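Summary of structural features
Now for the letters of each chain:
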Amino acid sequence: MIILHTAIAIVLIIVLIIKVKVDPVISLILGSLYLGIATGVGFTATAVAIATGFGEIMAEVGLLIGFGVLIGALLHAMGAFRKMVALLVNGVGARRLPYALTAAMATIFPSIYVDVQVVLASPVARSTAPFIGRTGLPHMAGALGTGIFAGYVFVIPGLAAISIAGLLEIPLGTWLLYGLVLGPVTALVTTLIFRQLLRTRYWNPAKDEEVDEAMVELESTELVHDDTGTPSLFVSLLPILVPLVLIAFGAFAELLGFSNDVIAFLGDAGFALFVGLLAAYVLARRTVGLEGTDKAMGEGFHTTGAILLITGIGGSLGAVIGETGLDETLAGLFSAEAGAPVVLSILLAWLIAAVLHLAIGSVSVAAIAAAGIIGPVLGSIDVPPIVIGLAIASGAMFALQVNSNFFWMYKSLLGLSTQGSFKTLTMVTSIASVVSLPMVMAVTLVPGRTPVVAADGFLDFSEDLEEATITVAALNTPGGTRGDGAEQA
């Protein structure tokens, strides 16, 4: 019954938002209340879970969202995004922009928080969209979502990839060899397929786009109309580049075992983005003056408030789902049988991860839970662990939707309606999940199936990672389940 009531709650939220036109905040609260009461969580416990879930998400991503949006507003005021758009259009061409974006997100930035990725990259996606045509916004939005999550589940050091590898005791070097191929290929193929879909009447700008006027990048409203006295593009983008370098360095230091308190402090996403905000503020004061800087900050605050509220309520739904004990219920429904055919075992691993993600709304939690379910019987399955792990990764990104707070961040930051977010983020993650599945099956055809990685090549951190991922899982058990915007830590 828990699964049924969870499905009803999600459908109720979708119907209220899309068909009845109820505000998403109200719809999410109603869905959360129904789910908590219908599944026996209780009136008081449901109310507590809603408040606690909101608070936990704000503690995780509140500052990240605020700092990130303010950085974007200040860089826009300085004309940085206009310069970047010109460089991209002249460098790769308008038609190749989505593919360049999705490839970069899938290969270069998996070490960065997924919420930081969407906060920092969404202004570029919005700004370049007009150069592609009528469907430029959905194409760029889809490319962004695909790249983020293809990298997150397949490419080291994405949290989902590291978690699966650790729990299934797969050497990171082995995973890296396959992930670096599957991640970007999945992202590029998905973006190409999505482009073909956009050639039909699939997209309706009037209903699918909902742009916040404070976030529109229009040349006519730029505070800077020429490049005289403005910093170079490289200097203008330092408020983005420096935080990315700091966070990536901190992630790799932890991964390779040489982190300490100072490195962890410098690599903390909140501190790194504050450094970026401070740099952006100083540059803006020198470029557009005090009045222009204050105006940009005001627009950023306006946008931040709406994003924080909807993101926090998305976290409330996740917390209520966690209180129902849904993960334990799903774990009892699935079992891997010894001697099952290779294809069936791969499909089962994919299905477990996909169902967990649909129900829980978190890619990393779905990946960790699926690996935890399958891990104990892995020895009885006649399929290499790397293949099962990749199948879990493939299934874990299936159909990201309303029970993930990342969905609501994505919607607000890219200027999409709820329906438009379904048509982009939910659609591309579904396509990517399905597209990557046959590639995972093809891995079984690789001679020897799994390569031997020399000890002096890539180190095997699986034992330490298992402990780390179990800790992550504990943080996301009932009462603490979070959506993908707050996952990677």
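Our subject in this report is the structure included herewith.

Rules of the game
- Residues numbered from 1 in each chain as written.
- Predicted model: local features only at pLDDT ≥ 70, side-chain atom pairs only at ≥ 80, totals over all residues.
- Heavy atoms only, no water.
- Axes fitted to C-alpha atoms, helices over the stretch in contact; angles between N-to-C directions.
- Helix = DSSP H or I, 4+ residues; strand = E, 2+ residues; numbered from the N terminus.
- Parallel < 35°, antiparallel > 145°, perpendicular 65-115°, else oblique.
- Left-handed = near helix turned anticlockwise from the far one by under 90°.
- Contact = heavy atoms within 4.5 Å.
- Expected span 1.5 Å × (residues − 1).
- Bend = angle between axes of the 7 residues up to and from the residue.
- Salt bridge = Lys/Arg side-chain N within 4 Å of Asp/Glu carboxyl O.
- Buried < 20%, exposed > 50% of the residue type's maximum accessible area, 1.4 Å probe, protein only.
- Core = buried A, V, L, I, M, F, W, Y, C linked by side-chain atoms within 4.5 Å.
- Nonpolar A, V, L, I, M, F, W, Y, C, P; charged D, E, K, R; others polar.
- Phe/Tyr/Trp six-rings, centres within 6.5 Å; stacked < 30°, edge-to-face > 60°.

Moving on: the packing of helix α9 (residues 172-198) against helix α20 (residues 418-443). α20 packs onto α9 with a crossing angle of 130° between their chain directions and a minimal axis gap of 8 Å. As summarised for this structure, α9 and α20 are arranged oblique, according to the angle between their axes. Judged by the twist between their axes, the crossing of α9 over α20 is right-handed. Of the residues in α20, those in contact with Tyr 178, Leu 182, Val 185, Thr 186, Val 189, Thr 190, Ile 193, Phe 194 and Leu 197 of α9 are Lys 423, Thr 424, Met 427, Val 428, Ile 431, Ala 432, Val 435, Ser 436, Met 439, Val 440 and Val 443.

Here we come to the environment of Met 427. Within the element layout of this structure, Met 427 appears in helix α20. Separated by 233 residues in sequence, Met 427 and Phe 194 place their C-alpha atoms 8.3 Å apart.

With 27 residues, α9 extends 37 Å from end C-alpha to end C-alpha; this agrees with the ideal 39 Å at 1.5 Å per step. The principal kink in α9, of about 35°, is found at Gly 179.

Right, let's talk about the pattern of salt bridges for a bit. A full pass over the atoms with the stated rule returns two salt bridges. Across the pair Lys 423 and Asp 208 runs a salt bridge, and its minimum N-O distance is 3.0 Å. Taken together, the residues Lys 423 in helix α20 and Asp 208 in helix α10 (residues 205-208) connect sequence positions 215 residues apart. Here the two residues Lys 423 and Asp 208 agree in accessibility, since each one is buried.

What follows is about the nonpolar core. Within soluble globular proteins, side chains that are nonpolar tend to cluster in buried spots. Val 118, Leu 144, Trp 175, Ile 388, Leu 390, Ile 392 and Phe 406 are the most contacted members of the largest nonpolar core, which has 141 residues in total. Take this core: its biggest share by element is 17 residues, from helix α14 (residues 269-323). When sequence neighbours within four positions are dropped, the list of residues in contact with Leu 390 reads Phe 154, Trp 175, Tyr 178, Leu 182, Val 440 and Val 443.

In contact at an axis separation of 9 Å, helix α7 (residues 136-154) and α20 are set at 45° when each is read in the N-to-C sense. By the angle class used here, α7 and α20 are oblique. Taken as a pair, α7 and α20 cross one another with a handedness that is right-handed. Here Pro 138, Ala 141, Gly 142, Gly 145, Thr 146, Phe 149 and Phe 154 of α7 come into contact with α20, specifically with Thr 424, Leu 425, Val 428, Thr 429, Ala 432 and Ser 436. Residue composition of the contact of α7 with α20, grouped by class: seven nonpolar, six polar and no charged.

Moving on, we come to the packing of aromatic side chains. Applying the stated criterion across every chain yields a total of 10 aromatic pairs. Where Trp 350 meets Phe 398, the ring centres are 5.5 Å apart and the plane angle is 65°; that geometry is what we call edge-to-face. Within this pair, whereas Trp 350 is found in helix α16 (residues 342-360), its partner Phe 398 is found in the loop between α18 (385-396) and α19 (405-414), the two being separated by 48 residues in sequence. For the pair formed by Trp 350 and Phe 398, the shared burial category is buried.

Here we take up the environment of Gly 292. Relative to the elements of secondary structure, Gly 292 occurs in helix α14. Classification of Gly 292 as buried rests on a relative accessible area of 11%.

Of note in the backbone geometry, Lys 21 takes a positive phi value of approximately 65° without being a glycine. Residue position: Lys 21 is located in the loop between α1 (2-18) and α2 (24-38). Phi at Ala 399 takes a positive value of approximately 55°, unusual for a residue other than glycine. By secondary structure assignment, the location of Ala 399 is in the loop between α18 and α19.

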